[in-house]
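What follows is each chain in one-letter form.
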Amino acid sequence: MSETELPKRQAVDPKLTWDLTPIFHDDFAYAEAIKQVRALTKDFVRMYQGKLTEPAIIVDALADYGTIVALDSKIAHWGFMPYSTDTTDPKLRERQAQVTALGGEIGGQLSFFQAELTQLSETVLDAVVEKAPDYAGFIRQIKVAKKGALPPVAEKVLAELSPVFQAPSNIRDQTIFGDMDFGTFTAHGKTYPLSFVMYEENYQKHPDTEIRRAAYAQFNKTLRRYENTMATGYLAQVTREKITATMRGYDSVIDYLLADQEINREMFNRQIDVIMRDLAPIMRKYVIHVKTLWRLDHIGYTDLQIDIDPRYAPKITLDQAQDMIKNATALMGKDYQDQMIQAFTDRWIDFPANQGKDSGAYTAGPYGVHPYVEMTWSNTLPAVYTLIHELGHTAQMVRSEKAHNVLDSEFNDYLVESPSTFNELLLTHYLEETAKDPRMKRFALSRLLNDTYFHNFVTHLLEAAFQREVYTLIDKGESFDAARLDAITRKVLTDFWGPAVELEEGADLTWMRQSHYYMGLYSYSYSAGLTVATQAFQAIEQQGKPAVDRWLRYLGLGDSLDPVAAARVAGVDVTTDVALKHAISFLGDTVDEVIALSKEIDQG
């Protein structure tokens, strides 16, 4: 990303943006779809409300319900995807608000369906699966929901209030991307512009220490001015979740949020506690090594994203990235490889950096179309890792949608980050295999640590540890303000990094930067997914095609199996800590290899 003012969305090259016309050709088609989904919903209510008594009727209703869900999926994506590329555009903001309101309207009318299904006996639900096995995953989720099911009238109210429930997340986005002016900062006597996206995508990894640290100071100075607003919005989010949990009969909001993932508290705690205890010493060892190589006076929180060898970091064009991804995914077979390239040729990806574009990256899958990826391209290897990560999601979405109806096609949250992190392992394997000297091999391994495991096993894991503390407070009937969130963040970071990292002023504001806090218990699932991906990838290295075939079957499971059974298809047992400890041991070996390569390079 250039260190100049970002262009407006209208000024970027259209060839680098995604093509959304497969969703709707234009706004007229979108408006017609709204009319259609309202009509279908009205007919659905007339045909099925109060009549879901026989398996045959329920099977017909499931098919009709799926039709509405698929159409509504296209409408929702037509709203939020363009808006995420330019949150400054009032027309796109208005459309997103319209789509959100429509979701509440349609959701309220359809809420009777799942509510009535949860009132049925398991015998009837089993008979539905016997008649229509393709809906086994959806019916399994209905059985899970039975524990916290409310009367249909209450479910209708909650569904209709969904636009209101999204307000904290929307306020967070508008505060960051609409209101925050990060201004400029000075380094080496030169003034540089700053924005949220520019810091996240560029400055926090900048090879010049003075620029990196000056950007961080200005970045946090701006965040600090808004922390009370953000804390108030976040308190509204978790309070709503706690109230809903209590209404549904859960003593703990954590147990309520884990229910949909079909994961118990023991598995959730284990993912956090084992990493906090066993991975922390390994990552401290690594960052101390980076500090030595860079000859830094200290490693601060702002220094954790830097390359181990920035002078060796290659600049990578989009064309080169496409070739790298094609080569890295070759061992998965031609169909898999071709789909990766199709994302480029058919414009599934939105690359430009522009004003108002959301930070980070995501993959979205409007059912019946194809997946889309949003990211900010920066001609760096970390950008290639981000891209191949998101393309891993597309691999799962394409295969699961081909194999399942709309109600059974989405991965469970516990496993959803496994296809993406698996792709990152493919890229590192390719870089390591093609390395021609120790310096390139070290660079490849450092990318594995910095891009794959640091991001998923450390950054998101620390977010999960933070969330656990916050929800524990709420379960106790306590509250929080910005100061308390700052204190929780600093304690979590200190517990993990210990004396190895100096937490500067502003490190405690990290909680303000992550949108995952408005998505329930999602952050910890990155490390859970990478745990599965690590063991599955190593099986491919050892076994070849049989393990590849297992992984491809796994990608096509959708939600047809619960996460424990699904992981077994990939050859991984997640019921114990063996796979997790295996992944951590692998990381320890990788850090040791990086240090050994540094010695070899130094001696050479």
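First, a word on what this report is: a plain description of the structure on this page. (Residues numbered from 1 in each chain as written. Predicted model: local features only at pLDDT ≥ 70, side-chain atom pairs only at ≥ 80, totals over all residues. Heavy atoms only, no water.)

1. With respect to the overall build of the protein
- Each helix and strand in the protein was counted, giving 23 helices and 5 strands.
- Scaling as 2.2 N^0.38, a compact globule of 604 residues should have a C-alpha radius of gyration of about 25 Å, and the protein matches this with 24 Å.
- Expressed as lengths along the three principal axes of its C-alpha atoms, the size of the protein is roughly 75 × 55 × 50 Å.
- Of all 604 residues assigned to the protein, the portion counted as buried reaches 58%.
- For the protein, contacts bridging at least 24 residues in sequence account for 77% of all contacts bridging at least 6.
- Of the accessible surface of the protein, which amounts to about 24,400 Å², a share of 52% is contributed by carbon and sulfur atoms.
- Positive and negative charge centroids in the protein, built from 61 and 84 side chains respectively, lie 1 Å apart. (Helix = DSSP H or I, 4+ residues; strand = E, 2+ residues; numbered from the N terminus. Rg over C-alpha atoms; globule rule 2.2 N^0.38 Å. Buried < 20%, exposed > 50% of the residue type's maximum accessible area, 1.4 Å probe, protein only. Contact = heavy atoms within 4.5 Å. Areas by Shrake-Rupley, 256 points an atom, 1.4 Å probe, with all protein chains shown as cover. Lys, Arg positive; Asp, Glu negative; His and termini not counted. Charge placed at Lys NZ, Arg CZ, Asp CG, Glu CD.)

2. A short note on the side chain of Gln261
- Its place among the elements puts Gln261 in the loop between helix H12 (253–259) and helix H13 (265–294).
- A residue is classified by how much of its surface remains accessible, and Gln261, at 4% relative accessible area, is buried.
- Side-chain polar atoms of Gln261 contact the backbone oxygen of Leu521, separated by 2.7 Å.
- Not counting the four nearest positions on each side in its chain, Gln261 is found in contact with Asn412, Asp413, Tyr414, Leu521, Tyr524 and Pro563. (Polar contact = N/O pair within 3.5 Å; in protein donor to acceptor, adjacent residues only side chain to side chain.)

3. A short note on the sheet that holds strand E3 (residues 349–350)
- Here we have 3 strands laid out as an open sheet, ordered E3-E5-E4, and mixed in their pairing. At either margin of the open sheet sits one strand with a lone partner, and together these are E3 and strand E4 (362–364).
- Pairing between E4 and strand E5 (residues 372–374): 3 bridges, direction antiparallel. Paired with Thr363 across the strands is Val373, a residue of E5.
- The strands touched by helix H2 (residues 55–85) are E3, E4 and E5; relative to E4, the strand with the most contacts, the crossing angle is about 155°. (Pairing = 2+ DSSP bridges. Axes fitted to C-alpha atoms, helices over the stretch in contact; angles between N-to-C directions.)

4. What to know about unusual backbone geometry
- Phi at Glu262 is positive, roughly 55°, even though this residue is not glycine.
- The residue Glu262 is located in the loop between H12 and H13 in this model.
- At Asn379, a residue that is not glycine, the phi angle is positive and equals roughly 60°.

5. Observations concerning the pairing of strand E1 (residues 184–187)
- What you see with E1 is a clean split: Phe185 and Ala187 sit on the buried side and Thr184 and Thr186 on the side with no burial.
- Relative to strand E2 (residues 190–193), E1 is paired through 4 bridges, and the arrangement is antiparallel. By the bridge assignment for E2, Thr184 is matched with Pro193.
- Joining the antiparallel neighbours E1 and E2 is a turn of 2 residues, in which His188 adopts a positive phi near 55°.

6. Thoughts on the pattern of salt bridges
- The final tally for this structure, using the stated rule, is 34 salt bridges.
- Where Arg265 meets Asp255, a salt bridge forms, and the shortest distance between an N and an O atom there is 2.9 Å. One end of the pair, Arg265, is in helix H13; the other, Asp255, is in helix H12, with 10 residues separating them in the sequence.
- Of the residues examined, Arg265 reaches a relative accessible area of 30% and is grouped as partly exposed.
- The residue Asp273 makes a salt bridge to Arg468 at a minimum N-O spacing of 2.8 Å. On the criterion of sequence distance, the pair formed by Asp273 in helix H13 and Arg468 in helix H18 (residues 438–475) is long-range, its members being 195 residues apart.
- When its relative accessible area of 33% is taken as the criterion, Asp273 is described as partly exposed. (Salt bridge = Lys/Arg side-chain N within 4 Å of Asp/Glu carboxyl O.)

7. A word on the nonpolar core
- Ranked by internal contacts, the top residues of the largest apolar core, which has 158 residues, are Leu279, Ile349, Phe457, Phe496, Trp497, Trp551 and Tyr554.
- Setting aside residues up to four positions removed in sequence, Trp497 forms contacts with Met283, Arg284, Val287, Leu304, Phe454, Val458 and Leu462. (Core = buried A, V, L, I, M, F, W, Y, C linked by side-chain atoms within 4.5 Å.)

8. Some words on a nonpolar patch on the surface
- On the surface, Val157, Leu161 and Val164 cluster together into a nonpolar patch covering about 230 Å² of accessible area.
- Assignment of secondary structure puts Val164 in helix H7 (residues 162–165).
- Since its relative accessible area comes to 52%, Val164 is described here as exposed. (Patch = residues over 30% accessible without salt bridge, like charges linked within 9 Å, V, L, I, M, F, W, Y side chains within 5 Å.)

9. Some remarks on the environment of Thr345
- Here Thr345 shows up in helix H15 (residues 334–345).
- Here Thr345 falls in the exposed class, since its relative accessible area comes to 53%.
- Thr345 sits 68 residues away from Asp413 along the chain, and the two C-alpha atoms are 29 Å apart.
- One polar contact links Thr345 to Asp346, side chain to side chain, over a distance of 3.4 Å.

10. A closer look at H15
- The terminal C-alpha atoms of H15 lie 16 Å apart, and with 12 residues this matches the ideal 16 Å at 1.5 Å per residue to within 8%.
- Of the residues making up H15, those classed as buried are Tyr336, Gln337, Gln339, Met340, Ile341, Ala343 and Phe344.
- Buried positions along H15 lie against helix H14 (318–328), E3, helix H16 (381–403), helix H17 (418–433) and helix H21 (545–555). (Expected span 1.5 Å × (residues − 1).)

11. A short note on helix H6 (residues 152–160)
- Every buried residue belonging to H6 is among Glu155, Leu158 and Ala159, and all of these are buried. Along the long axis of H6, the arc covered by the buried residues comes to 100°, so they all point the same way.
- Turning to H6, the residues buried within the fold contact helix H3 (90–118), H7 and helix H11 (227–247). (Arc of directions from axis to C-beta.)

12. Considerations on the packing of aromatic side chains
- Evaluated as defined, the whole model comprises 40 aromatic pairs.
- Among the aromatic residues, ring-to-ring pairing joins Phe44, Tyr48, Tyr65, Phe112, Phe113 and Phe138 into one connected group.
- The ring of Tyr30 is capped by Arg95, whose NZ or CZ atom sits 5.8 Å from the centre of that ring.
- Positioned above the aromatic ring of Phe443 is the side chain of Arg447, whose terminal nitrogen or guanidinium carbon lies 5.7 Å from the ring centre. (Phe/Tyr/Trp six-rings, centres within 6.5 Å; stacked < 30°, edge-to-face > 60°. Lys NZ or Arg CZ within 6 Å of the ring centre and 35° of its normal.)

13. Digging into the side chain of Gln396
- When you line up the elements, Gln396 lands in helix H16.
- Gln396 gets classed as buried once you look at its relative accessible area, which sits at 5%.
- Every residue in contact with Gln396, bar those within four places of it in the chain, is listed here: Ser409, Phe411, Pro419, Leu555 and Gly558.

14. Side note on the packing of H15 against H16
- The N-to-C vectors of H15 and H16 enclose an angle of 115°; their axes lie 10 Å apart at closest approach. Handedness of the H15/H16 crossing: right-handed. Two secondary-structure elements touch here, H15 through Asp335, Tyr336, Gln339, Met340, Ala343 and Phe344 and H16 through Leu387, Leu391, Thr394, Ala395, Val398 and Arg399. (Left-handed = near helix turned anticlockwise from the far one by under 90°.)

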